[in-house]
Amino acid sequence: MNNLIEKLFLIYIFLISLSYNLKWFYIYGSFAYADILLPVLIFILVYKQKYKILPFQILLFLLFLLTAFSTYFSLFNYATPSSMGYLLRALYFLILFTLICSIEIEREKVVKALTYGLTFSLTIGWFIWFTNPRFFAFSNVPMLHVLDTNFNAYVNRNETGLTASILSLISFYALIYKRILSNPAALIIFLFALSSSFLSFSRGSWVITILGISTILFLRLRIKSVFFISFLLLPLTLLVPIEGIGIFDLIFLRLESVASNFYRYQYLIDAIDIGFTNFFFGVGPGNYREYAIQNDYLVTIDPHNTYLQYFAELGIFGLIFCFLIYFSLIFKSLREINYDNLYVILLTIFICLAVDGLISGLSLSMKLIYIFAGIAFNDKSSDAFKENKNEG
């Protein structure tokens, strides 16, 4: 591929991987200013006839059609119809995936550009935190969650925690497999991302980090004792007292929040009821909150569960498509993992996001999973791993 086009594409990946909480870089919702380059890059693919048609693309296209139909259905059945922004987002994710899976650039270079973008994003998040520090509970432990700043940006602990977790997994993979980053850079980014993940006080982030690191170790060393070593050593770092309050105490305070756990349980019950009430077409994409208000359900923007959110907003077909997206990505990674160990990190991320979907509504609404999906279905690997695949 032309060197200029490759550099342009990698800059594009860097910019679109920045957190959507950083409003400086975004036009609206998931659409970044950098996405102005998207039509140009797609035109180049079409001109050179390099684009692909894959089963996963068809799945995303069907999801787009379902989103369109559900949006149209909401116009005539609910007091507050769905925003067209969600329909455009579904189309955007489809086009973004098509671009990344079709362009002829080594997968490792794309992951590296994404890594730099996530690192920069997290660094900006900490800069915003320093302008208006916030601490967890009654301790002096920083919490990476700032919604009130003088800047046109904010730091949401769930989104930032997910970003930090994914970054910690990529850098940990780079350390273990000696790929993507140099060892010093991988170590620095790993420690930075790991501490940020913990200080987000996002339960989903903690789950992803522990599950992901354990998965990478298991795939690398192939021994179950790794799990026991990980869980024995990790708690030792959490017993350090800070002004009379142990970090362990803060963790349990976060995990055992009665009000939070009650709300989450009720969200699940409500989402199931809403899904069965609107079984075939759902209440419309992004319409969960308004429907909850109008029908006396516990009000929240989403039920903190990706699967049930798709069920409630898009109906039974939305739930099926949700499962198929995760299954397709995990199955693809398992098929390729013996030919290129870059699929170790891809498989790990897809498993973690599928699990995160049980406790969060972020995994399929953020563009990161579609970027990683494009990388997974891109056939361009480094020469060394290409030879390994050919021999296999």
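Computed from a prediction, not measured in an experiment: that's the story for all the values here. Each residue is numbered by its place in its chain's sequence as written, counting from 1. Whole-chain, interface and lining totals are the exception, using all residues; otherwise, since this is a predicted model, local features are given only for residues with pLDDT of at least 70 and side-chain atom pairs are given and counted only at 80 or more. Only hydrogens and water are set aside; all other atoms, that is, all heavy atoms of the structure, feed into the side-chain values.

1. Some thoughts on the overall build of the chain
Logical step 1: Runs of H or I in DSSP of at least four residues are treated as helices and runs of E of at least two as strands, each being numbered from the N terminus. Looking only at helices and strands, one finds 16 helices and four strands in the chain.
Logical step 2: In this analysis, two residues are considered to be in contact whenever any of their non-hydrogen atoms come within 4.5 Å of each other. Of the contacts made within the chain by residues no fewer than 6 positions apart, 74% connect residues no fewer than 24 positions apart.

2. Overview of the side chain of T67
Logical step 1: The topology assignment puts T67 in helix α3 (residues 55–77).
Logical step 2: When neighbours within four sequence positions are excluded, T67 is seen to be in contact with Y86, L87, A90, P285 and L314.

3. Some details on a nonpolar patch on the surface
Logical step 1: In this scheme, patches are assembled from residues that exceed 30% relative accessible area and form no salt bridge. Like charges are connected within 9 Å, while nonpolar side chains (Val, Leu, Ile, Met, Phe, Trp, Tyr) are connected within 5 Å. Per-residue accessibility takes into account occlusion by the displayed protein chains alone, with areas from the Shrake-Rupley method and a 1.4 Å probe. Only one rule defines a salt bridge in this text: a Lys or Arg side-chain nitrogen within 4 Å of an Asp or Glu carboxyl oxygen. Side chains of I53, I58, F61, L62 and L65 sit close together on the surface and give an oily, nonpolar patch of about 460 Å² of accessible area.
Logical step 2: Counting through the fold element by element, I58 comes out in helix α3.

4. Describing the packing of helix α6 (residues 157–177) against helix α7 (residues 183–199)
Logical step 1: At a minimum axis distance of 8 Å, the contact between α6 and α7 shows a crossing angle of 150°. With respect to each other, α6 and α7 are oriented roughly antiparallel. Handedness of the α6/α7 crossing: left-handed. The segment α6 lies against α7, with G161, A164, S165, L167, S168, S171, F172, A174 and L175 engaging N183, A186, L187, I189, F190, A193, L194, S196 and S197.
Logical step 2: Among the residues making up the contact of α6 with α7, the classes are represented as 11 nonpolar, seven polar and no charged. Where helices are involved, their axes are fitted lines through C-alpha atoms of the stretch in contact, as for all axes, and angles between N-to-C directions lie from 0 to 180°. Roughly parallel covers angles under 35 degrees, roughly antiparallel covers those over 145, roughly perpendicular covers 65 to 115, and oblique covers all other angles. Crossing handedness: left-handed means the near helix sits turned counterclockwise from the far one by under a right angle, and right-handed means the same turn made clockwise. Here the term charged refers only to Asp, Glu, Lys and Arg, the term nonpolar to Ala, Val, Leu, Ile, Met, Phe, Trp, Tyr, Cys and Pro, and the term polar to all other amino acids, Gly among them.

5. Section: the pattern of salt bridges
Logical step 1: All chains considered together, the criterion is met by seven salt bridges.
Logical step 2: A salt bridge links D35 to K367, with the shortest nitrogen-to-oxygen separation between them at 3.9 Å. Taken together, the positions of D35 in the loop between β2 (31–32) and α2 (38–47) and K367 in the loop between α14 (342–356) and α15 (368–376) put the pair 332 residues apart, joining distant regions of the chain. In terms of burial, D35 and K367 fall into one category: buried.
Logical step 3: Several salt bridges converge on common partners, so that one network encompasses R107, E108, R179 and D340. Residue burial is assigned from relative accessible area. The probe radius is 1.4 Å, only protein chains are included, and a residue is buried under 20% of its type maximum, exposed over 50%, and partly exposed in between.

6. Regarding the nonpolar core
Logical step 1: The set of buried Ala, Val, Leu, Ile, Met, Phe, Trp, Tyr and Cys residues whose side-chain atoms join them within 4.5 Å is what this entry labels a nonpolar core. Core analysis: the biggest nonpolar cluster contains 116 residues, and F9, Y12 and F372 have the highest contact counts within it.
Logical step 2: Among the elements that make up this core, the one with the highest residue count is helix α13 (residues 306–336) (13 residues).
Logical step 3: Not counting the four nearest positions on each side in its chain, Y12 is found in contact with A34, D35, L37, L38, L41, Y92, L96 and L99.

7. Focus on the packing of α13 against α15
Logical step 1: Two elements in contact, α13 and α15, have axes whose closest approach is 11 Å; the angle formed by their N-to-C orientations is 35°. Every pair of crossing elements has a handedness; the one defined by α13 and α15 is left-handed. Taken together, the residues of α15 that come into contact with α13 (itself represented by Y310, Y326, L329 and K332) are I369, Y370, A373 and A376.
Logical step 2: Residue classes in the contact of α13 with α15 are distributed as seven nonpolar, no polar and one charged.

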